[in-house]
Amino acid sequence: MRKVEKATADKYFRIRTIMVIIFLAIGFAVSFGVAFFAESIYEGGALILGMPAHYYMGAQGAVITFVVLLFLNAMISDRVDKAFGIDEKQNEQISGGASDH
Amino acid sequence: MDQQSLVSLTLILLTFALYIGISVYNRAKVTSDFYVASRGIPPVWNGMAIGGDWMSAASFIGMAGTVMILGYDGLAYIMGWTGGYLLLTFLLAPQLRKYGRFTVPEFIGDRFDSNAARLIAAIATIIISFTYIIGQLSGSGVVIGRLLNLPASTGVMIGVVVIAIYASLGGMKGVTWTQVAQYLILITAYIIPIIFMSLQVTGNPLPWLTYGNIVNELGAIDRELGISEYFAPFTESDRSQFLALLFTLMVGTAALPHVIVRFYTVTTMKAARWSGAWALLFIALLYLSAPAYAAFSRFIIMTQVVGQPIDELPAWTEPWVNTGLLEIADTGGDGILEWEDLVINPDIVVMATPEIANLGVFVVGLIAAGAMAAALSTAGGLLITISSSFAHDIYYRLLKPDATDAKRLKAGRIAIVLATVAAGIVALDPPGVITQIIAWAFGLAGGTFFPVLFLGVWWKRMNAQGAIAGMLGGLGVTLGYIFLSMNGIMLFGIQDTGAGVFGVTANLLLVIIVSLLTPPPAQHLQDEAMDLRYPEQMTYKDGEVWMNDSADK
C-alpha cells in the first residue's frame, strides 16, 4: 500500500465526473431535447434516411448515440485508469477477495 | 392440430429443451453461484445475458405494435428503454459493483447501516419484480394460447411450470447462460421476418436503411385517409406525457433490481462499464428493428388488407378474432374493410404480421419461439431477484444470520416456486395490457430506488432516515398517482404510465431534506461512500487515498 497524493486522487475523480456530465448531457439532448422540439422539427420538414428528422432521432438516432457514448466511456475510462497506473489484474484480485463476506 | 401449430410447437419445445439442458449443466452448487454466478462472467457474454434478461415480452411482443398504433408517440418506449443504460452505466453500476454485495436491498441496508431500510428495500424489490413478472406470464399465455388454440390461461400455466423448473435448478449461473441462448434465439426470430418484409416491400434486405421511405409513404396514406400522419408528434397524448413516460422508463431502467444485479456478476468496475456498453449494443439491435417492424406491418395492412371486401377476409384473421385481440366491424356499412374498421390490440402485431405477409410456417414458428424466449428469460431473472430478496435479505440477513448455505439455497428455491405460482394466478386475469403493466413496474422501480441508489453512491452525507423516507415516499406517491390517474385525476396531462416523474421527484426531495434535518451518518459509512469514487486498487481511508500495488493477501 502506498499513499496517493490528494491532488492526484481528486484529479482522478474530477476527470471521471466531467466525463459523466458531458456524456449524460449529450444523451439528454438527443432524446429529451429532440422530443421537446419535435413539433417544430416536424414542421421544418427535414428528412433523414427518407423519414422526418424528429422521427428518425426517436427511432434510430438517439439509440445509436447512446451505444456510441457507452463504448466511448468504456474506452476513455480504460485510458484514464492506465494514466493513473491502475492495473486491471490487481483490481480483479482485490475485488475477488473483498466482495464475498 | 394444423401444420402451423405443429411447426411452432416443435420449435418451442426444441428451444425449451436447450434452456433446461443448459440450466442443468450449470447447476448451482454454492450460494454465490446461485445469486451472482460466482462473479466470473466475461463482459461480452454478460452483456448478451443482460440483453436476454432485459428484453421481455413487452419488448418483443408489445413494442413494435405500440409504435405501429401510436406512431411517433410510441417512440418514447424505444428511447426510454435504451437511454436508461446511460444512467445505469454512468451513475450506478460500477460503483455498486465495487461496493460488492449480492442484492440491491443488501446495498441499501449496509450502506446506511439500517435493517429497516433493508427490509423496505427487500419488500419493494419483491413488489416491483412481481408486477413485472405478471406481464411476462400473460405474454407467454397469449403466445401459447394462440398456437394451441387454448385459452390464454392454460398457456400461462404451461409457462409457469417451465420457468419454475429451470430457475430453481440453475440459479443465476444457469440463468446467465440460458439467457445468452435466449438472446440469440429472440434476436434471430425478430430480425428474420423484417428482412423478409423489407425484401417483399422494397426489394432491399437491409430494413434499417429502407423503412424511412415507408414511414414517409405511410404519412401520405394517412393524409389521404384523413387521419393524423403516422409520424406526427403528440397526436395520441400531450408532449408532457411523452416526456414523463420517457423519464419514467429511463430512470426505472436504471433502478430495476433484476437488471442491477446483473452488474454484480462481473469481476470489476471496468468490466461493469464494458458490460453496460455490450448490453446496450445487443439490446439496440432489437430496438432499432422495432420501428422498422412497425412501419412494415402498418404498410402491409394498409396496402394489402384495408380496401378488401369484408366477407372475403384472409385466413389469418379468424384465429386472432377468436382470441379477442382483433376486432373487425363494418362501420362504414359498405362491405369494404376500412382502417377504422380494424381494432388491433398492439400485442398481436409482432405475432400476426408474418402470417399476414405470408412468410411461411417456419418464420411464424420462429417468432413464437422467440416470444417465448423473451418472456421466459426475463421471468427467470426476475425470479432469481425475488428469491434473493427473500432468502438472502430477509431470511439470512434479518431472520437467521446463522443459516447454512444449504438452508439458504433451499429458502431461495421455495421463494421461486411460491412467487411463480402466485404470479401465475394473477396473470390468469391480467389487470392491464403488457406494456402498461410493465410501465407501472418501471414507475415503481424509479420512484422507490433511483434517488436512493444515486445519492447513496454519490452523496456521503445521506443517511438511513433519508433513505427510508425517500423509499416510502417515492413508493407511496407513485402508487397513489397510478390509482388517481386510472380514475381520471391527472396533473399536466400525465397518465398512469408517466407516474414515475412524481415518485422520483418526491423521493429525491425527501432524501435530501430528511438527511439534512437528521444527524450525519457514522464516519466509516461516509468513508465507504467516498471509496466508491475510485477504482478497486485505490482505497479511501481517513481522508487519504491509498494505492494497492501488490494484491497478495
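Given the structure is predicted, the values throughout are model-derived calculations rather than measurements.

**Examining the overall build of chain A**
What chain A contains, in helices and strands, is four helices and three strands. Traced from its N-terminal end to its C-terminal end, chain A shows the element sequence β-α-α-β-β-α-α. In summary, chain A has a C-alpha radius of gyration of 20 Å against a globular reference of 13 Å for 101 residues, an excess of more than 25%. In terms of overall dimensions, chain A has C-alpha extents of about 60 × 30 × 25 Å along its principal axes. Taken over 101 residues, chain A has a buried fraction of 34%. Contacts in chain A between residues at least 24 apart in sequence constitute 60% of all its contacts with a sequence separation of at least 6.

**Notes on the interface of chain A and chain B**
The interface is formed by 54 residues belonging to chain A together with 52 residues belonging to chain B. Sorting the residues of the side of chain A that touches chain B by element identifies β1 (2–4), α1 (6–36), α2 (38–44), β3 (51–52), α3 (53–83) and α4 (88–99) of chain A as the ones contributing at least two each. The element best represented in the side of chain A that touches chain B is α3 of chain A, accounting for 18 residues. Of the residues belonging to the side of chain A that touches chain B, the class tally is 30 nonpolar, 15 polar and nine charged. Of the strand pairs in this sheet, β1 of chain A and strand β4 (residues 544–547) of chain B are connected by three bridges, and their pairing is antiparallel. Within the sheet, the bridge partner assigned to Val4 of chain A lies in β4 of chain B and is Val545 of chain B.

**Describing the confidence of the model for chain A**
On average, residues of chain A score 81 in pLDDT, and 93% of them are at 70 or above. Mean pLDDT values over the elements of chain A span from 64, in α4 of chain A, up to 88, in α3 of chain A.

**Brief notes about the UniProt feature "domain: Sodium symporter small subunit" (unreviewed entry) in chain A**
In the numbering used here, UniProt assigns the feature "domain: Sodium symporter small subunit" (unreviewed entry) to residues 10–87 of chain A. Annotated as residues 10–87 of chain A, this span is 83% helix and 5% strand, and its ends, taken at the C-alpha atoms, are 19 Å apart.

**Section: the pairing of β4 of chain B**
All names here are of chain B. Sheet analysis places strand β3 (residues 538–541) next to β4, joined by four bridges and oriented antiparallel. Across the sheet, Thr539 pairs through a bridge with Trp546, a residue of β4. Where β3 hands over to β4, the hairpin turn is made up of two residues, of which Asp542 adopts a positive phi near 45°.

**Side note on the UniProt feature "transmembrane region" (unreviewed entry) in chain A**
Mapped onto this structure's residue numbering, the UniProt feature "transmembrane region" (unreviewed entry) falls at residues 20–42 and 54–72 of chain A. The span residues 20–42 of chain A carries 96% helix and 0% strand; its end-to-end C-alpha distance comes to 31 Å.

**Looking at helix α16 (residues 405–427) of chain B**
The end-to-end C-alpha distance of α16 of chain B, which contains 23 residues, comes to 33 Å, matching closely the 33 Å that a straight helix rising 1.5 Å per residue would cover. Of all the residues in α16 of chain B, the buried ones are Arg408, Leu409, Ala411, Gly412, Ala415, Ile416, Ala419, Thr420, Ala423, Gly424 and Ala427 of chain B.

**Brief notes about the confidence of the model for chain B**
Put simply, chain B has an average pLDDT of 80, and 92% of its residues get 70 or more. Interface confidence for the predicted complex, given as ipTM, is 0.88, next to a pTM of 0.86.

**Some points on the environment of Asp496 of chain B**
All names here are of chain B. When you line up the elements, Asp496 lands in the loop between α18 (464–486) and α19 (500–517). Measuring from C-alpha to C-alpha, the distance between Asp496 and Trp546 comes to 49 Å, with 50 residues separating the pair along the chain. Once residues lying within four places of it in the same chain are set aside, the contact partners of Asp496 are Ile482, Ser485 and Met486.

**Focus: the sheet that holds β4 of chain B**
Overall, antiparallel pairing links the three strands, which are arranged β1(A)-β4(B)-β3(B) in an open sheet. Only two strands of the sheet have a single neighbouring strand rather than two, namely β1 of chain A together with β3 of chain B. Each strand of the sheet is rotated relative to its neighbour by a mean of 40°, with strand direction disregarded.

**With respect to the nonpolar core**
Core analysis: the largest hydrophobic core is formed by 199 residues, its most contacted members being Leu186, Leu246, Phe296, Ala368, Ala371 and Ala467 of chain B. A per-element tally of this core places helix α15 (residues 361–399) of chain B first, with 21 residues. Once residues lying within four places of it in the same chain are set aside, the contact partners of Leu246 of chain B are Ser31, Phe32 and Ala35 of chain A together with Ala76, Met79 and Gly80 of chain B. Judged by nonpolar contacts, the second largest core, of six residues, contains Val4 and Ala9 of chain A together with Tyr534 and Met538 of chain B.

**Focus: the packing of helix α7 (residues 115–148) of chain B against α16 of chain B**
Residues and elements named next belong to chain B. Look at α7 against α16: their axes get within 9 Å of each other, and the N-to-C directions meet at 65°. Crossing of α7 over α16 shows right-handed handedness. In this structure, α7 contributes Phe130, Ile133, Ile134, Leu137, Ser138 and Gly141 to the contact, and α16 contributes Ala419, Ala423, Gly424, Val426 and Ala427. Of the residues that constitute the contact of α7 with α16, the class distribution is eight nonpolar, three polar and no charged.

Cut-offs and rules
- All residue numbers refer to positions counted from 1 along the written sequence of the respective chain.
- Just so you know, chain letters begin at A and ligand numbers begin at 1, following the order they were written in.
- Reporting of local features is limited, given that this is a predicted model, to residues whose pLDDT is at least 70; pairs of side-chain atoms are given and counted only at 80 or more, and all residues count toward the totals for whole chains, interfaces and linings.
- Counting from the N terminus, the helices are DSSP H or I runs at least four residues long and the strands are E runs at least two residues long.
- In this description the radius of gyration comes from C-alpha coordinates, and the expected globular size is given by 2.2 Å times residues to the power 0.38.
- Three exposure classes are used. Buried residues have 20 or more other C-beta atoms within 10 Å of their own C-beta, exposed residues have 12 or fewer, and partly exposed residues fall in between, all C-beta atoms being placed from the backbone.
- Contact criterion: two residues are in contact if their C-beta atoms, reconstructed from the backbone, are within 7 Å.
- All residues other than Ala, Val, Leu, Ile, Met, Phe, Trp, Tyr, Cys, Pro, Asp, Glu, Lys and Arg, Gly among them, are scored as polar; the first ten of these are nonpolar and the last four charged.
- When DSSP locates at least two bridges between a pair of strands, those strands are taken to pair.
- Each residue carries a pLDDT value, the predictor's own confidence for that position, ranging from 0 to 100.
- UniProt positions are given in the numbering used here, feature names are shortened, and annotations may be inferred rather than shown by experiment.
- Expected helix span is taken as 1.5 Å per residue step, with the number of steps being one fewer than the number of residues.
- In this analysis an axis means a line fitted to C-alpha atoms, helices contributing only their contacting stretch, and an angle means the value between N-to-C directions, from 0 to 180 degrees.
- What makes a nonpolar core is a set of buried Ala, Val, Leu, Ile, Met, Phe, Trp, Tyr and Cys residues, with links drawn between C-beta atoms within 7 Å.
- Definitions for this section: a left-handed crossing has its near helix turned counterclockwise from the far helix by less than a right angle. A right-handed crossing has that turn clockwise.

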